[in-house]
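# Summary of the model geometry
Residue-level listing of the chains:
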Amino acid sequence: MSYLVLARKYRSRDFEALVGQEHVVKALTNALTQQRLHHAYLFTGTRGVGKTSVSRILAKALNCTGADGTGGITAHPCGVCDACRDIDSGRFIDYVELDAASNRGVEEISQLLDQAVYKPVVGRFKVYLIDEVHMLSNTAFNAMLKTLEEPPEYLKFVLATTDPQKVPPTVLSRCLQFNLRPMAPQTVQEHLATVLAAEKIEAEPGALRLLARAARGSMRDALSLTDQAIAFGAGSLSEAGVRQMLGAVDRSHAVRLVEALAAGQGAEVVAAVDGLRSLGLSATGTLEEMVALLQQMAVLQAVPDALDESDPDAPTAARLAGLLAPDETQFLYSIVLHGRAELGLAPDEYSGLVMVLLRMLAFRPGGAAAAPQRSIATTSAKPAAAAPVLSKAIAAPVAAALPARPAVVASAPIARASAPASEPPPWLDDEPPYEGEALATTVSVREPEPQKMQMQMQMRPAPVAGASPTWVPTVLGDRWAEAVSQMNETASISALVRELAMQAQCVAVDEQVQPPVWRLRVERETLRAPAQRDKLQAALSELLKQPVQLELEAGVASDTPAQRAGAERARRQNEAEQIIHNDPLVQALMQQFKTARIVPGSVKPH
Ligand SMILES: [Zn+2]
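Residues numbered from 1 in each chain as written. Predicted model: local features only at pLDDT ≥ 70, side-chain atom pairs only at ≥ 80, totals over all residues. Heavy atoms only, no water.

## Examining the nonpolar core
Among the nonpolar cores identified, the biggest contains 55 residues, and Leu28, Phe43, Leu211, Leu237 and Val242 are the most heavily contacted of them. Contacts of Leu28, omitting those with residues within four sequence positions, involve Phe15, Tyr41, Phe43, Val54, Leu58 and Phe178. Counting 38 residues, the second largest nonpolar core, distinct from the first, contains Ala262, Ala272, Leu300 and Leu320. (Core = buried A, V, L, I, M, F, W, Y, C linked by side-chain atoms within 4.5 Å. Buried < 20%, exposed > 50% of the residue type's maximum accessible area, 1.4 Å probe, protein only. Contact = heavy atoms within 4.5 Å.)

Here it is, written out as structure tokens:
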């Protein structure tokens, strides 16, 4: 079989063929039809979603002369004129693709901009695609800005990036921006089926499903993987063959880890990670696969009928779903999701992976499946060591997860007369929906068994249990919290600056220098933007009535005003709950109605 790589052979050649990006296609088609052309376009989106393809189609649309050589700008490039064919084959002199991520990027961009003053050689328009534009140096951006500010009529810029946040606002503001979406596995799978039918290659649906999922939203990756699979399977695609080939992204590793975690086997977890390391498999990829698996498990736990019989992985997910309680699954999901961001901070990604996974064991809610006693014992023995790391994942949601509810609810026992006593009464079902980080704790609160309640106490920040906070209050923390509180009262700072102040840990104040330097540690990169820093610095200077210099550093922040506020809320909450629990009327009610319980979290302190 003579071979042209599928990803190239089946690259979308017109807007109609651009799979899964209908919103972009519609906007561009309308713009071209009405000849309302912008001079710079920015396409954002993860790799392989079609940024380069859109750029080429746009270049063709602008330069197509039609099959008979008389056509103008069109939303439907003919594909047969010289311009169309030359752009498709990468030979069109007025269409330049440049990868800013390559070493030659900076030099080439300045050369390219030098050329911008000249009219197109053969086409109507010069079209410059600058891929991974966020990688350009400041010098290069400035050079490009000059051209963007006063672009010649005949010049169109197409900028593409996987990371638009790194593109300077001055450039963003001059571009018409389109976000290309990652493609749904189903869309990818359907497209693969079409391509393989056209290639007359036999493929099992299970094989396509595996390939589509492994591509993670990138059609290009899907086609490349399919190429590999065809070579691997000597011309046909069997599910077993594809599964074997995808070793790198195989789910079996995630399955092994979830099994080990469900059984509470720390040694097996460590051994599994060693195995990943020796195979050179990505720690991030492993966590991503675990996220997908846990998500599937959670859906099957909630909706057993959702089992997709044709999904080759469904039976395994269903089996694992039986090993963990739903709240545990949610808890693991939350930890894995947060763990991905943390891998980059760890000394190496495998040690980071071990820590994330062991955290699941250490803080796992007392599970129905395996060794609950053991897991509670582990938790009680270790909170001091692991708590600071957990403060973000656990402490914050506790404060966020307290819904406003009536203090006591006595359910009507008649309504649930036939229900087993251990089942939660129906009024628990109308709790407000929770999401994201709040899951780990909220779910535990819903569990009626005493051991889970005990676990819940362990998972909350220590002030709730009456001990010292999980982070150590510092003198600098006192000082910063005081300053932030005063700045908040003046109300002259914006919400985002306030958020920065609340999420910052003051790690140093140097008053030996002029102006004094306050050093803050802030975890979220989005909060560390220079503009916010400047505003916070101005507010602090105003408060202190002298100029100060504010420096922001990346890192896990502790003893932040936000954490302090959360702990204070939790302490007041605990007090209020104690008062309610000890109230004679409440106790009498609970005696009388056996199924009556105080809805955990429904108590609101005044
Ligand atoms: Zn054409």
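## Focus: the sheet that holds strand E2 (residues 95-99)
Taken in spatial order, the five strands of this open sheet run E2-E3-E4-E1-E5, and their pairing is parallel. In the strand order of this sheet, the two ends are held by E2 and strand E5 (176-179), each with one partner. Across the sheet, the axes of successive neighbouring strands diverge by a mean angle of 15°, strand direction being ignored. Examined bridge by bridge, strand E3 (residues 126-131) and strand E4 (residues 155-161) share five bridges and lie parallel to one another. Bridge pairing in E4 links Tyr128 to Phe157. The strands that helix H3 (residues 51-63) touches are strand E1 (40-44), E2, E3 and E4; relative to E3, the one it contacts most, it runs at about 175°. Across the sheet, helix H6 (residues 138-149) lies against E1, E3 and E4, angled at about 135° from E4, the strand it touches most. (Pairing = 2+ DSSP bridges. Helix = DSSP H or I, 4+ residues; strand = E, 2+ residues; numbered from the N terminus. Axes fitted to C-alpha atoms, helices over the stretch in contact; angles between N-to-C directions.)

## A few points about the pairing of strand E6 (residues 504-510)
On a regular strand, each side chain points to the face opposite its neighbour's, so the side chains alternate between the two faces of the sheet. Alignment of E6 against strand E7 (residues 517-522), held across six bridges, turns out to be antiparallel. Considered in E7, the bridge of Ala508 is made with Arg519. Two successive antiparallel strands, E6 and E7, enclose a turn made up of six residues.

## Description of the packing of helix H14 (residues 283-302) against helix H15 (residues 314-321)
For the pair H14 and H15, interaxial distance at closest approach is 9 Å and the crossing angle is 70°. Between H14 and H15, the crossing angle belongs to the class labelled roughly perpendicular. Crossing of H14 against H15: the hand is right-handed. Residues Leu293, Gln296, Met297, Leu300 and Gln301 of H14 touch H15, and the partners they reach there are Ala314, Ala317, Ala318, Leu320 and Ala321. Grouping the constituent residues of the contact of H14 with H15 by class yields eight nonpolar, two polar and no charged. (Parallel < 35°, antiparallel > 145°, perpendicular 65-115°, else oblique. Left-handed = near helix turned anticlockwise from the far one by under 90°. Nonpolar A, V, L, I, M, F, W, Y, C, P; charged D, E, K, R; others polar.)

## A closer look at the side chain of Arg251
For Arg251, the location among the structural elements is in helix H12 (residues 251-262). The class of Arg251 is buried, set by a relative accessible area of 5%. A distance of 2.9 Å separates a polar atom in the side chain of Arg251 from a polar atom in the side chain of Glu289. Within the structure, Arg251 has its side chain in polar contact with the side chain of Gln296 (distance 2.6 Å). (Polar contact = N/O pair within 3.5 Å; in protein donor to acceptor, adjacent residues only side chain to side chain.)

## Looking at the coordination of the zinc ion
Ideal coordination angles are 109.5 degrees for a metal with four donors arranged tetrahedrally and 90 or 180 degrees for a metal with six donors arranged octahedrally. Looking at the metal site, the zinc ion is ligated by Cys64 (SG), Cys78 (SG), Cys81 (SG) and Cys84 (SG), spaced 2.3 Å from it. Metal-centred angles of 100 to 121° between the four donor atoms at the zinc ion mark the site as tetrahedral. (Donors = N, O, S within 2.8 Å, 3.2 Å for Na, K, Ca; no water. Tetrahedral: all angles 85-135°; square planar, octahedral: opposite > 155°, others 65-115°.)

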